[in-house]
Amino acid sequence: MANAASRPVPRPGVLDIQAYVPGKSAAPAGVKLHKLSSNETPLGPSPKAVAAYGSIAGKLELYPDGSSTKLREAIAGRYGLDANRILCGTGSDELLQLITKAYLGDCDEGVFTEHGFLVYRIAILAAGGKPVVVKEKNFTADVDAILAAVTPKTKIVFLANPNNPTGTYLPFDEVKRLHAGLPGNVLLVLDAAYAEYVRRNDYASGLELVAESENVVMTRTFSKIYGLANLRLGWLYGPAHVVDALDRIRGPFNVNGAAIEAGAAAIADEAHVASAIEHNDKWLAWTTVELEKLGLSVTPSVGNFILIHFPATPGKTAREADAFLTQRGLILRAVAAYGLPDALRMTIGSEEANRLVVAALTDFLAGKA
Ligand SMILES: Cc1ncc(COP(=O)(O)O)c(C=O)c1O
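The model shown is predicted, which means the values in this text are computed figures rather than measured ones. Within each chain, residue numbers correspond to sequence positions counted from 1 in written order. Local features in this predicted model are restricted to residues whose pLDDT is 70 or higher, and side-chain atom pairs enter the listing and the counts only when it is 80 or higher, whereas totals over whole chains, interfaces and linings include all residues. Calculation of side-chain values draws on the structure's entire complement of heavy atoms; hydrogens and water are dropped beforehand.

**A few points about the overall build of the chain**
Secondary structure follows DSSP: runs of H or I at least 4 residues long count as helices, runs of E at least 2 residues long count as strands, and numbering of each begins at the N terminus. Helix and strand content of the chain: 12 helices and 13 strands. Over its C-alpha atoms the chain spans a radius of gyration of 21 Å, differing by no more than 12% from the 21 Å that the globule rule assigns to 369 residues. Once the C-alpha set of the chain is aligned to its principal axes, its extents read approximately 60 × 60 × 50 Å. Residue burial is assigned from relative accessible area. The probe radius is 1.4 Å, only protein chains are included, and a residue is buried under 20% of its type maximum, exposed over 50%, and partly exposed in between. Taking all 369 residues of the chain together, the buried fraction comes to 55%. In these tables, accessible area is a Shrake-Rupley quantity obtained with a 1.4 Å probe, and a residue counts as shielded only by the protein chains included in the view. Total accessible area computed for the chain in this model is approximately 16,400 Å², and 56% of it derives from carbon and sulfur atoms. One finds the centroid of the 36 positive side-chain charges in the chain at a distance of 4 Å from the centroid of its 38 negative side-chain charges. In this description the radius of gyration comes from C-alpha coordinates, and the expected globular size is given by 2.2 Å times residues to the power 0.38. When charges are counted, Lys and Arg are positive and Asp and Glu negative, with His and the chain ends excluded. For the purpose of locating charges, the reference atoms are NZ of Lys, CZ of Arg, CG of Asp and CD of Glu.

What follows is the structure in structure tokens.
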């Protein structure tokens, strides 16, 4: 007999998950929308990627290559990697989920930092594991605190480098120190979704560490600098034994043909990536300085977004700023879910969008409508 008490119940942890809430994407009627809430590129994808995407239109009845061979070879060629150690996925989100599913079981612990990317918590809980959250220092991951949180139950340490939503990063020496302090059975996941934007000599995405270790994986995405978020495409580089394990549990055709074609064309268009970097360098610096001139504090960022801190004074709060900006079609990201209720995250947008945000916040802080 069916009754409420006998209905199927999700495994422990699933209902503790707060479903991921994507950045807002709507503006009031009649107002031009500037979506600065999901760290998408204002330059869009490479025209060559768009053309390659279109080449699949006449082949929609065919399954894609289940191994994403063309794309893995394009990535391997670009970075000088072994294509057999690359795995592609439906966004790096899928890869983070696969890693957790394969390496973390019931009651195992997954470690990440206080303002770390929300998907880590979701993936750990979905696998039945326990999220262990480590304090940051100055909105930056703290290697000693991470190492102190590792126990015999720890299976994975996630590090977003640079981190979203803070925009801060750990120099490569610190990443190596973190790795050196971890037991060999703990998998270190370096999430380098914003690596292409970083302009610091002491930064490395982690490819070198992956190459020489048995317990480090690096994930990357086509959603940010490559402008292909809509296609859902990411990749990882890992030790052969890790790639083999993940390959066994992924969906047989987890990457669609349009994404494979567009991704391969995008990675070959280095000029397009260079112009995205140039745009970001210029406007990241400009926007940071202009907002600081308004008296707002901005966490120094190496990514394509900034974390803007607002005072607690009524009339000047992050929540009120968000509502004010939204009225003008400027959609930023509220980051209370990341433990940052007094801040908003702004993607570096087009020149027009960046100037409009600065003008709007000037008015907001001056109490003008
Ligand atoms: C740090 C970080 N990792 C991973 C992702 C997921 O990217 P995607 O699934 O689009 O590849 C994001 C997206 O916002 C991110 O900020």
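There is more to say after this.
**Quick word on the site of the ligand**
Here, proximity means that at least one heavy atom of the residue falls within 4 Å of the molecule or strand. Taken together, the residues surrounding the ligand are G91, S92, D93, F117, N164, D191, A193, Y194, T221, S223, K224 and R232. As used in this structure description, the phrase polar contact means that two N or O atoms lie within 3.5 Å; if the pair is within protein, one of them must be able to donate a hydrogen and the other to accept it, and residues adjacent in sequence are counted only when both atoms belong to side chains. Measuring from an oxygen atom of the ligand, one finds a side-chain N or O atom of N164 at 2.7 Å. A distance of 2.6 Å separates a nitrogen atom of the ligand from a polar atom in the side chain of D191. In isolation the ligand exposes 400 Å². Once the protein is present, 94% of that is buried. Grid points spaced at 1 Å and placed over the protein atoms alone form the basis of the search, with a cavity being a set where a 1.4 Å probe fits but cannot get out and a pocket an open set showing protein on both sides within 12 Å along at least five of seven lines. Lining residues have an atom within 4 Å of a point. To qualify as sitting in a cavity or pocket, a molecule needs more than half of its atoms within 2 Å of the grid points. The pocket occupied by the ligand, as judged from atoms lying within 2 Å of grid points, is the largest pocket. Sorting elements by how many residues they give to the shell around the ligand places helix 3 (residues 91-103) first, with three residues. The nonpolar class holds Ala, Val, Leu, Ile, Met, Phe, Trp, Tyr, Cys and Pro. Asp, Glu, Lys and Arg form the charged class, and all remaining residues, Gly among them, are polar. Split by residue class, the shell around the ligand holds three nonpolar, five polar and four charged.

**Here's the deal with the domain arrangement of the chain**
One frequent convention defines the size of an interface as the accessible area lost when the parts assemble. What counts as a domain boundary in this text is fixed by an automatic or database domain assignment. What the domain assignment lists for the chain is domain 1 (24-44 + 271-366) and domain 2 (47-268). Here the C-alpha centroids of domain 1 and domain 2 sit 26 Å apart. Counting residues at the interface gives 25 residues for domain 1, matched by 25 residues for domain 2. Interface area for domain 1 against domain 2, summed over the two sides, is near 2,100 Å², with a carbon-plus-sulfur share of 65%. Defined in terms of a 1.4 Å probe, buried area is the accessible area two parts forfeit on being brought together, summed over both. Together, V302, F305 and Y338 form the three largest contributors to the area buried by domain 1 at its contact with domain 2, with a combined 32%. Salt bridges are counted wherever a side-chain nitrogen of Lys or Arg sits within 4 Å of a carboxyl oxygen of Asp or Glu. At the boundary of domain 1 and domain 2, one finds one salt bridge. In this structure, D281 and R199 form a salt bridge, with 2.7 Å as the shortest nitrogen-oxygen distance. Where domain 1 packs against domain 2, one counts six residue pairs in polar contact (both at pLDDT 80 or more). Note on definitions: a residue-residue contact is assigned when non-hydrogen atoms from the two residues lie within 4.5 Å.

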